[in-house]
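Fold and contact review
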Amino acid sequence: MEIPSSWKKQLTLELEKSYFLVLKQHVEKAYSSEIPKVFPPSKLLFNAFEKCSFEATKVIILGQDPYPTIGHANGLCFSVDASLKKLPKSLTNIFKELQEDIKGSILSSGNLEQWAEQGVLLLNSALSVEEGKPGSHAYFGWEYFTDAVIERLSTEKEHLVFILWGAHAQSKIRIIDETKHLVLKAPHPSPLSAYRGFFGSKPFSQANHYLHQNALPQIQW
């Protein structure tokens, strides 16, 4: 439960709240048990924050919780371990939209670390999950913590791009100041909803256009 220093500095008061102490207990207990398994591996629990500092954050992509399948989750939303050959369907659809949107080359693997290292915070609303049970750790208190992360970014920074796919992610609009940030909304990239407006939404080019307008480095998607 050790949060990288750039984020710890921003969230000091949050880490002292009673809900976070309870959250910490739940998470540590879950990881200490061998059965059921918990993902991502404990060393990657705060990987999104490790790979993208508060200061460097320019774009936020919000997921719901980690992949509940062994060998998939690596602490970055929608991202998977580089060794995984068969990509999750949502990630496959993200890559399809990327290719159509900016005609760029698809990443060599499903590991999205190179996005994170350019300032893309790949944040899940819940940072841990039980094997085979999506949403199983939502009640731990993760939502309070990640809401605080989003609210802090919205309050303290300017000209961020929030990419919100699906109803759950879009529920966070209430804590984002749309007068000083760009919010891009679309259906979730899952096979159930990708054809309802995710395909053709052009989030990658829109994000880069906004960053360029505000004299910020664009993302090499």
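The coordinates are above.
Residues numbered from 1 in each chain as written. Predicted model: local features only at pLDDT ≥ 70, side-chain atom pairs only at ≥ 80, totals over all residues. Heavy atoms only, no water.

1. What about the overall build of the chain?
Rule in force here: Secondary structure elements follow DSSP: runs of H or I of four or more residues count as helices, runs of E of two or more count as strands, with numbering from the N terminus. Here the radius of gyration uses the C-alpha set of atoms, whereas the globule reference equals 2.2 Å times the residue count to the power 0.38. With a 1.4 Å probe rolled over the protein chains alone, any residue whose accessible area is under 20% of its type maximum counts as buried; one over 50% counts as exposed, and the rest are partly exposed. When checking whether two residues touch, look at their non-hydrogen atoms; a contact exists if any pair is within 4.5 Å. Residue burial considers only the protein chains on display, and all accessible areas are found by Shrake-Rupley using a 1.4 Å probe. Under this rule, positive means Lys or Arg and negative means Asp or Glu; His and the chain ends count for nothing. Positions of charges follow a simple convention, taking NZ of Lys, CZ of Arg, CG of Asp or CD of Glu.
Summing up its helical and strand segments, the chain has 9 helices and 6 strands in all. Expected size for 221 residues packed as a compact globule is a radius of gyration near 17 Å; at 17 Å, the chain falls within 12% of this value. Overall, the C-alpha framework of the chain stretches about 45 × 40 × 25 Å when taken along its three principal axes. Buried residues in the chain amount to 53% of all 221 residues. Contacts in the chain between residues far apart in sequence, at least 24 positions, make up 66% of those at least 6 positions apart. For the chain, the exposed surface amounts to about 10,700 Å²; the carbon and sulfur share of it is 52%. Between the mean site of the 23 positive side-chain charges and the mean site of the 23 negative ones, the chain shows a separation of 4 Å.

2. With respect to the packing of aromatic side chains
Which entries qualify depends on this criterion: Classification of ring pairs uses Phe, Tyr and Trp, with its six-membered ring standing for Trp, and accepts pairs whose centres are within 6.5 Å; under 30 degrees between planes counts as stacked, over 60 as edge-to-face, and the remaining range as tilted. We call a charge positioned over a ring when the NZ of a Lys or the CZ of an Arg lies within 6 Å of the ring centre and within 35 degrees of the ring normal.
Scanning the model with the defined rule gives 19 aromatic pairs in all. Each ring, one from W115 and one from F204, has its centre 5.9 Å from the other, and the planes form 55°; the classification is tilted. Here F204 lies in helix 9 (residues 203-213) and W115 lies in helix 6 (residues 113-116), a separation of 89 residues in the sequence. Classification of W115 as buried rests on a relative accessible area of 1%. Look at F204 and you get buried, because its relative accessible area is 0%. The ring of F54 is capped by K157, whose NZ or CZ atom sits 5.3 Å from the centre of that ring.

3. Remarks on the pattern of salt bridges
Convention followed: What counts as a salt bridge is simple: a side-chain nitrogen of Lys or Arg found within 4 Å of a carboxyl oxygen of Asp or Glu.
The full count for this structure, using the stated rule, is 9 salt bridges. For R152, the salt bridge goes to E156, with nearest N and O atoms at 3.6 Å. In this pair, R152 and E156 are both assigned in helix 7 (residues 142-156), 4 residues apart and thus about one turn of the helix distant. If you follow the salt bridges from partner to partner, you end up with E143, D147, K172 and R174 in one network.

4. Structural notes on the pairing of strand 2 (residues 59-63)
Applied cut-off: One bridge is not enough; two strands pair if DSSP finds at least two bridges between them.
Of all 5 residues in strand 2, 5 are buried; the element is thus mostly enclosed. Every second residue of strand 2 is oriented toward a common face, with V59, I61 and G63 on one face and I60 and L62 on the other, all of them buried. Taken together, the 5 bridges between strand 2 and strand 3 (residues 120-124) define a ladder with parallel strand orientation. Opposite I61, over in strand 3, you have L122 as the bridge partner. Strand direction decides the pairing type here: strand 2 and strand 5 (residues 161-165), joined by 4 bridges, are parallel. Its bridge partner lying in strand 5, I61 is registered against I163.

5. Some words on the sheet that holds strand 2
In sheet architecture, strand pairing relies on hydrogen bonds along the backbone and comes in two forms, parallel and antiparallel. Basically, it comes down to this: Every angle, taken between N-to-C directions, lies between 0 and 180 degrees, and every axis is a line fitted to C-alpha atoms, over only the stretch in contact when it is a helix.
Taken in spatial order, the 4 strands line up as 3-2-5-6 in an open sheet, and their pairing is parallel. With partners counted over all chains shown, the strands left at the sheet margins are strand 3 and strand 6 (182-186), one partner each. Averaged over all pairs of adjacent strands, the angle between their axes in this sheet comes to 20°, without regard to strand direction. Inspection of the sheet shows strand 5 paired to strand 6 by 5 bridges, in the parallel sense. What sits directly across from W165, in strand 6, is A186. Docked against the sheet, helix 7 engages strand 2, strand 3 and strand 5, running at close to 150° with respect to strand 3.

6. Considerations on the side chain of T57
Heads up, the rule is: N or O atoms within 3.5 Å of each other form a polar contact, as long as, within protein, one can give a hydrogen and the other can take it, and as long as residues adjacent in sequence are counted only when both atoms are side-chain atoms.
Relative to the helices and strands, T57 resides in the loop between helix 4 (47-51) and strand 2. Judged by relative accessible area, T57 falls into the buried class, the value being 2%. Engagement of the side chain of T57 in a polar contact is seen with the backbone oxygen of S53, the distance being 2.8 Å. The contacts of T57, once residues within four sequence positions are left out, are W7, C52, G119, L121, L153, K157 and L160.

7. Structural notes on helix 9
Keep this limit in mind: To obtain the arc, one takes the directions from the helix axis to the C-beta atoms.
Considered for burial, the residues of helix 9 that qualify are P203, F204, A207, N208, Y210 and L211. Seen end-on, helix 9 carries its buried residues on one side only, within an arc spanning 160°. Every exposed residue of helix 9 that faces more than 90 degrees away from the buried side is listed here: H212 and Q213. On the buried face of helix 9, the contacting elements are strand 2, helix 5 (89-102), helix 6, strand 5 and strand 6. In the segment just after helix 9, A215 is the residue with positive phi, at about 55°.

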